[in-house]
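One letter stands for each residue in the lines below.
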Amino acid sequence: MTQNSAAFTSTSPDETAQLAIRLGANLRAGDTLLLEGEIGAGKSHFARALIQSLLPEPEDVPSPTFTIVQVYDLHDCELWHADLYRLGGPDQVIELGLLDAFDGAICLIEWPDRLDDLRPSEALTIRLDDPEKTDRREICFTWSKSRWTDCVAEAVA
C-alpha cells in the first residue's frame, strides 16, 4: 500500500482542538486513530476535543492514563479512547478487548507503539510534536487507506 502524509502546524491549543473537531466530523465505526508523540505533546488534548465534539450530550472526558480505556456511547457506535502507556505488551491489548473494538468502534489510541504487531494497518497515524516546548504543535498525518485522504484534507484545510 502507498503511504500518504500531510502536515499541519497548530499555533495554539484551540487551533489543535479545532483540527481534532474537523477530523472527528468524518469518523465512523471501524476507524482507528493512532496518536503518537512525547509526554506533553498534546495527544490527550487532541483526543478530548475530538471526543467531546462527537458526544450526544456534554460530559467530562478524562485522560484514560490510569483506567487505560474509556468507552463513550455515540449515536451510532461506541468510541474507545485508550492510553496504552502503562501496558507491558500486546497480550494486555487483547485482554482489554481492543481488537474487537477496532472492527466496530471508533478508536483513539495513545502510545500505539505498545500495540506492536497488533497495530491496525488501515489506521490513521497522527504524530504531535512540540519541538519548541510552547503552544505550537507540528502535527503529521500518515495513512495508507484511501479513505483517509479526503478526511485529512478537510481537517487541515
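The structure reproduced in this document is the subject of the present report.

How each quantity is defined
- Residues numbered from 1 in each chain as written.
- Predicted model: local features only at pLDDT ≥ 70, side-chain atom pairs only at ≥ 80, totals over all residues.
- Heavy atoms only, no water.
- Helix = DSSP H or I, 4+ residues; strand = E, 2+ residues; numbered from the N terminus.
- Rg over C-alpha atoms; globule rule 2.2 N^0.38 Å.
- Phe/Tyr/Trp six-rings, centres within 6.5 Å; stacked < 30°, edge-to-face > 60°.
- Buried < 20%, exposed > 50% of the residue type's maximum accessible area, 1.4 Å probe, protein only.
- Lys NZ or Arg CZ within 6 Å of the ring centre and 35° of its normal.
- Core = buried A, V, L, I, M, F, W, Y, C linked by side-chain atoms within 4.5 Å.
- Contact = heavy atoms within 4.5 Å.
- Polar contact = N/O pair within 3.5 Å; in protein donor to acceptor, adjacent residues only side chain to side chain.
- Pairing = 2+ DSSP bridges.
- Axes fitted to C-alpha atoms, helices over the stretch in contact; angles between N-to-C directions.
- Left-handed = near helix turned anticlockwise from the far one by under 90°.
- Nonpolar A, V, L, I, M, F, W, Y, C, P; charged D, E, K, R; others polar.

## As for the overall build of the protein
Counting secondary structure elements, the protein contains five helices and seven strands. Along its sequence from the N terminus, the protein presents helices and strands in the succession β-α-β-α-β-β-α-α-β-β-β-α. Relative to the globule expectation of 15 Å for 157 residues, the C-alpha radius of gyration of the protein, 14 Å, shows essentially globular dimensions. C-alpha extents for the protein along the principal axes are approximately 40 × 40 × 30 Å.

## Thoughts on the packing of aromatic side chains
The relative placement of two aromatic rings is captured by the distance of their centres and the angle of their planes. One pass over the structure, following the stated rule, counts one aromatic pair. With a centroid separation of 4.8 Å and an interplanar angle of 55 degrees, the aromatic rings of tyrosine 85 and tryptophan 111 are classed as tilted. Of the two residues, tyrosine 85 sits in the loop between strand S4 (78–83) and helix H3 (90–96) while tryptophan 111 sits in the loop between strand S5 (106–110) and strand S6 (124–129), which places them 26 residues apart along the sequence. The exposure class assigned to tyrosine 85 is partly exposed, which follows from its relative accessible area of 38%. Positioned over the ring face of tryptophan 148 is arginine 147, at 5.0 Å from the centre of the ring.

## Structural notes on the nonpolar core
Core analysis: the largest hydrophobic core is formed by 33 residues, its most contacted members being Ile126 and Phe141. For this core, the secondary-structure elements that each account for two or more residues are helix H1 (13–24), strand S2 (32–36), helix H2 (43–54), S5, S6, strand S7 (137–143) and helix H5 (147–156). Residues contacting isoleucine 126, with those up to four places away along its chain left out, are Leu23, Leu33, Leu34, Leu35, Glu36, Phe46, Ile139, Cys140 and Phe141.

## Overview of the environment of glutamate 138
Of note, glutamate 138 is situated in strand S7. Placed 127 residues apart in sequence, glutamate 138 and threonine 11 show a C-alpha to C-alpha distance of 8.8 Å. Each residue touching glutamate 138, except ones within four places of it in the same chain, is listed here: Phe8, Thr9, Arg127, Leu128, Asp129 and Pro131. In this structure the side chain of glutamate 138 is engaged in a polar contact, spanning 3.3 Å, whose partner is the side chain of arginine 136.

## Describing the environment of isoleucine 126
Looking at where isoleucine 126 falls in the secondary structure, it is placed in strand S6. For the pair isoleucine 126 and alanine 6, spaced 120 residues apart in the sequence, the C-alpha separation amounts to 9.7 Å.

## Regarding the pairing of S2
Counting buried positions along S2 yields four of five residues, so the element is predominantly enclosed. Direction of pairing for S2 relative to S5: parallel, over a ladder of four bridges. Looking at S5, one finds that leucine 33 is bridged to leucine 108.

## A few points about the packing of H1 against H5
With their axes 8 Å apart at the nearest point, H1 and H5 run at an angle of 145 degrees to one another. Relative to H5, H1 is oriented so that their crossing is right-handed. Between H1, through Leu19, Arg22 and Leu23, and H5, the contact on the second element is made entirely by Cys151, Glu154, Ala155 and Val156. The residue makeup of the contact of H1 with H5, split by class, is five nonpolar, no polar and two charged.

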